[in-house]
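Listed below, chain by chain, are the residues.
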Amino acid sequence: MRDAAEKLELSGGVSIPDSKLAKEVTEYIQDTETPLLFHHSTRTYYFGALAGKHRGLEFDSELLYVGAMFHDLGLMPSHSTNERFEVDGANAARDFLKQQGISQQDADLVWSGIALHTTPGIPCHMHPVIALVTAGVEMDVLGIGYSDFDDADRNAVVTAHPRGDQFKQDIISAFYDGIKHKPDSTFGNVKADVLALNDPQFKPINFCSTILNSNWAS
C-alpha cells in the first residue's frame, strides 16, 4: 500500500511528496486510521492536488498532503474530544507539524484547511492549501467536479487506493461512528445530516430557536 502511494504519478506531475515528513505522515495515519479513512484521505490528497493543477494554483504539496491525511483523524476514538471532529483533526495535525519543526504559520495554515473542510463556500476563497483540502474531500465524498478529472487519473487513484464496493454507505457510517457521542458538535454543520440519517432520536439544534429563546428581552 505504501509502495503504491509513493510510485503513483498523475497528470501535471502530481504525486505524494518524496520527503521525510510525508513518509512519516503516511506511516502515522496508516497506523492510526482505519483502511477506509486512510484510502479516503490519500485520494483526497490526489484529487485536491489535481484540482490545484487544473486551477493553476501554486501550493505546497507537503502541507496539502498533511491536511488531506489528517482531515478525518478526529473521527478516531484515540483523537476524539468534545470539540468538533474537524477541530480534533486540525489540532492533531498542528501538534504533529510543530513536533517536526514546521513553522507556526504553516502549521496554522494546515489547521485551517482541516477545520474548515466541512464548511461549504468558504475554503474556496482562501489560501490554496485550505481550498484544496476541501476540493479533494468534495470530489471523493460528494463527487463535486467529477467530470473535471481525466478518466485515467481517476482510475489510477482508485486502483491504488480503492473505494470498495459500498464506499458511499461506509463513509457515512464512519462519519456517524465518529460523531454520534457528541451530537451538539454538529450544530450549523453538514454532519448534522449524518446523525439525522442514522439516529431517529436525533434532534438538531435550531438556530432560530436559539435566538428566540436566548436571555435577551427582545
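Because the structure is a prediction, the values reported are computed rather than measured.

## Topic: the overall build of the protein
Consideration 1: Looking only at helices and strands, the protein has eleven helices and zero strands in total.
Consideration 2: Taken from the N to the C terminus, the helices and strands of the protein come in the order α-α-α-α-α-α-α-α-α-α-α.
Consideration 3: By its C-alpha atoms, the protein is 60 × 40 × 35 Å across when sized along the principal axes.
Consideration 4: Relative to its 218 residues, the protein shows a buried fraction of 46%.
Consideration 5: Here the protein displays about 11300 Å² of accessible surface, and carbon together with sulfur accounts for 51% of that area.

## Focus on the side chain of Arg154
Consideration 1: Among the structural elements, Arg154 can be located in helix H8 (residues 151-160).
Consideration 2: The residues contacting Arg154, other than those within four sequence positions of it, are Phe47, Met139, Tyr146, Ser147 and Phe149.

## Quick word on the nonpolar core
Consideration 1: In this structure, Val25, Tyr45, Tyr46, Val66 and Phe70 are the most contacted members of the largest nonpolar core, which totals 57 residues.
Consideration 2: In terms of residue count, the dominant contributor to this core is helix H3 (residues 35-54) (eight residues).
Consideration 3: Discounting chain neighbours no more than four positions away, the residues touching Phe70 are Val25, Tyr28, Ile29, Gly89, Ala92, Ala93, Phe96 and Ile114.

## Some points on the UniProt feature "domain: HD" (unreviewed entry) in the protein
Consideration 1: Under the UniProt annotation, "domain: HD" (unreviewed entry) lies at residues 38-122.
Consideration 2: Helix makes up 64% of residues 38-122 and strand makes up 0%, while its end C-alpha atoms are separated by 25 Å.

## Quick look at the pattern of salt bridges
Consideration 1: This structure, assessed with the given rule, holds nine salt bridges.
Consideration 2: Salt-bridge contacts for Lys20 lead to Glu24; the nearest nitrogen and oxygen are separated by 2.6 Å. Here Lys20 and its partner Glu24 are both found in helix H2 (residues 20-32), four residues apart, which amounts to about one turn of the helix.
Consideration 3: Among the residues examined, Lys20 registers a relative accessible area of 59% and is labelled exposed.

## Concerning the environment of Ile144
Consideration 1: Of note, Ile144 is situated in the loop between helix H7 (128-142) and H8.
Consideration 2: When the C-alpha atoms of Ile144 and Gly48 are compared, they prove to be 11 Å apart, with 96 residues separating the residues in sequence.

## Focus: the packing of H3 against helix H9 (residues 167-179)
Consideration 1: Viewed as axis vectors pointing N to C, H3 and H9 meet at an angle of 105°, and their least axial separation amounts to 11 Å. Classed by the angle they form, the pair H3 and H9 counts as roughly perpendicular. Seen from H3, the contacting residues are Leu36, Leu37, His40 and Arg43; seen from H9, they are Phe167, Asp170, Ile171 and Ala174.
Consideration 2: When grouped by side-chain class, the residues that make up the contact of H3 with H9 number five nonpolar, one polar and two charged.

## Describing H2
Consideration 1: Helix length check: H2 (13 residues) gives 18 Å between terminal C-alpha atoms against 18 Å at 1.5 Å per residue, within 8%.
Consideration 2: Residues of H2 that are buried: Leu21, Ala22, Val25, Thr26, Ile29, Gln30 and Thr32.

## Brief notes about the environment of Ile102
Consideration 1: Structurally, Ile102 is set in the loop between helix H5 (85-99) and helix H6 (104-115).
Consideration 2: Sequence-wise, Ile102 and Ile122 are 20 residues apart; in three dimensions their C-alpha atoms are separated by 25 Å.
Consideration 3: Excluding residues that lie within four positions of it along the chain, Ile102 makes contacts with Leu21, Leu97 and Ala107.

What counts as what
- Residues numbered from 1 in each chain as written.
- Predicted model: local features only at pLDDT ≥ 70, side-chain atom pairs only at ≥ 80, totals over all residues.
- Heavy atoms only, no water.
- Helix = DSSP H or I, 4+ residues; strand = E, 2+ residues; numbered from the N terminus.
- Buried < 20%, exposed > 50% of the residue type's maximum accessible area, 1.4 Å probe, protein only.
- Areas by Shrake-Rupley, 256 points an atom, 1.4 Å probe, with all protein chains shown as cover.
- Contact = heavy atoms within 4.5 Å.
- Core = buried A, V, L, I, M, F, W, Y, C linked by side-chain atoms within 4.5 Å.
- UniProt positions renumbered as here; feature names shortened; annotations may be inferred.
- Salt bridge = Lys/Arg side-chain N within 4 Å of Asp/Glu carboxyl O.
- Axes fitted to C-alpha atoms, helices over the stretch in contact; angles between N-to-C directions.
- Parallel < 35°, antiparallel > 145°, perpendicular 65-115°, else oblique.
- Nonpolar A, V, L, I, M, F, W, Y, C, P; charged D, E, K, R; others polar.
- Expected span 1.5 Å × (residues − 1).

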